[in-house]
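So you can see what is in the structure, the chains are spelled out below.
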Amino acid sequence: SAMSKEQRVLQYVQQNASRGDPDSVLAAVDKFGWETEWAMNLGDVKGAILDRFVKETAPQTMLELGTYMGYSAIRIARLLPETAKFMTVEFDQENAAVAREMIEFAGLQNRIIQITSDTADVIPQLKTKYDVETLDMVFIDHWKDVYVRDIKLLETNKLLRKGTVVVADNIIKPGAPEYAEYVRTCGKYDSTFHESRFEYSNDDIDGLEKSVFRG
Ligand SMILES: O=c1[nH]cnc2c(O)cc(-c3ccc(F)cc3)c(-c3ccc(F)cc3)c12
Ligand SMILES: [Mg+2]
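Calculation notes
- Residues numbered from 1 in each chain as written.
- Chains lettered and ligands numbered in written order.
- Predicted model: local features only at pLDDT ≥ 70, side-chain atom pairs only at ≥ 80, totals over all residues.
- Heavy atoms only, no water.
- Salt bridge = Lys/Arg side-chain N within 4 Å of Asp/Glu carboxyl O.
- Helix = DSSP H or I, 4+ residues; strand = E, 2+ residues; numbered from the N terminus.
- Buried < 20%, exposed > 50% of the residue type's maximum accessible area, 1.4 Å probe, protein only.
- Phe/Tyr/Trp six-rings, centres within 6.5 Å; stacked < 30°, edge-to-face > 60°.

Engineer: I would appreciate a short explanation of the pattern of salt bridges in the present structure.
Structural biologist: With the rule as written, the count across this model stands at 18 salt bridges. In this structure, aspartate 190 and arginine 214 form a salt bridge, with 2.8 Å as the shortest nitrogen-oxygen distance. Here aspartate 190 is found in strand β6 (residues 189–197), whereas its partner arginine 214 is found in the segment after β7 (205–213), with 24 residues between them in sequence. The class of aspartate 190 is partly exposed, set by a relative accessible area of 42%.

Dropping the structure here:
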């Protein structure tokens with residue numbers, strides 16, 4: 001059967017990037033996104049903002065909700081020390097399979113714990129099954145309608161501590177208004193909006209919300 005868009009991106013990476021070189025993998029995905037086929041990767045413009053947050057936070061324990069094809073997982077893992085524990089969760093089996101190959105091509109499979117499951121099932125298991133105490137940083141980029149559900153699950157499962165940094169994509173496009181409202185008004189976070197551009201677009205606005213848990 002014909003290749004999916006995600007498989008076409010993976011093939012482009014395998015044929016145009018250098019194995020074991022994460023930056024060349026990111027550059028190939030971004031080139032494909034700008035020049036050939038749009039895809040919902042975080043992308044280079046918002047990616048640079050996330051890079052800054054990851055460098056500033058230097059997390060030892062990191063969680064990503066929404067792996068998709070692995071672009072932001074590679075983006076994050078390339079900045080983490082070998083000793084860091086980084087889990088990424090993807091619900092869609094086909095996307096997870098593409099991500100696994102993309103992450104392997106980048107040579108980061110030893111730095112990323114890839115979980116294929118519903119985040120609502122994984123979050124309550126992080127302490128017991130994945131030996132997590134608390135999270136230093138979280139990146140939310142899966143489905144806007146469950147952002148609030150999942151950040152509340154992180155709270156009730158005692159996975160956040162004073163200073164945990166929670167970053168969320170797509171605050172403007174497609175928008176996560178209930179999430180933005182929650183983190184900005186619930187009193188548990190110091191939250192800031194970082195305006196940027198939608199992935200692989202010169203015109204559309206989007207942005208990341210950065211919310212620091214007050215503990
Ligand atoms: O779902 C997403 N998860 C994680 N990141 C996303 C992203 O960065 C962008 C989009 C997006 C796609 C097309 C568009 F016109 C506007 C926004 C989506 C998304 C939203 C609703 C959809 F129905 C399907 C995709 C996601
Ligand atoms: Mg996104």
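So much for the structure itself; the text now carries on.
Engineer: Looking at this model, I keep getting lost on unusual backbone geometry. Mind explaining?
Structural biologist: Glycine aside, residues mostly have negative phi, and peptide bonds are mostly found in the trans state. Cis peptide bonds are those with omega within 30 degrees of zero, and the linkage from lysine 173 to proline 174 qualifies with 0°. Counting through the fold element by element, proline 174 comes out in helix α9 (residues 171–175). With phi around 55°, tyrosine 68 is a residue other than glycine that occupies positive phi space. When you line up the elements, tyrosine 68 lands in the loop between β1 (61–65) and α4 (71–77). Overall, the relative accessible area of 9% leaves tyrosine 68 in the buried class. At tyrosine 200, a residue that is not glycine, the phi angle is positive and equals roughly 55°. Relative to the elements of secondary structure, tyrosine 200 occurs in the loop between β6 and β7. Accessibility expressed as a relative area gives 9% for tyrosine 200, which makes it buried.

Engineer: What is the right way to read the packing of aromatic side chains from this model?
Structural biologist: The way to describe two aromatic rings as a pair is by their centre distance and the angle between their planes. Tallied over the full model, the rule gives five aromatic pairs. Judged by centre distance (5.2 Å) and plane angle (45°), the rings of tyrosine 12 and phenylalanine 32 are tilted. Placement of tyrosine 12 in helix α1 (residues 5–16) and of phenylalanine 32 in helix α2 (residues 22–35) is noted, with a sequence separation of 20 residues between them. The burial state of tyrosine 12 is the same as that of phenylalanine 32; both residues are buried. Ring centres of tryptophan 38 and phenylalanine 198 lie 5.5 Å apart, and the angle between their planes is 20°; this geometry places the pair in the stacked category. On the criterion of sequence distance, the pair formed by tryptophan 38 in the loop between α2 and α3 (43–57) and phenylalanine 198 in the loop between β6 and β7 is long-range, its members being 160 residues apart. On the basis of relative accessible area, tryptophan 38 is assigned to the partly exposed category, the value being 36%.

Function cannot be inferred from these measures alone, as they are strictly geometric.
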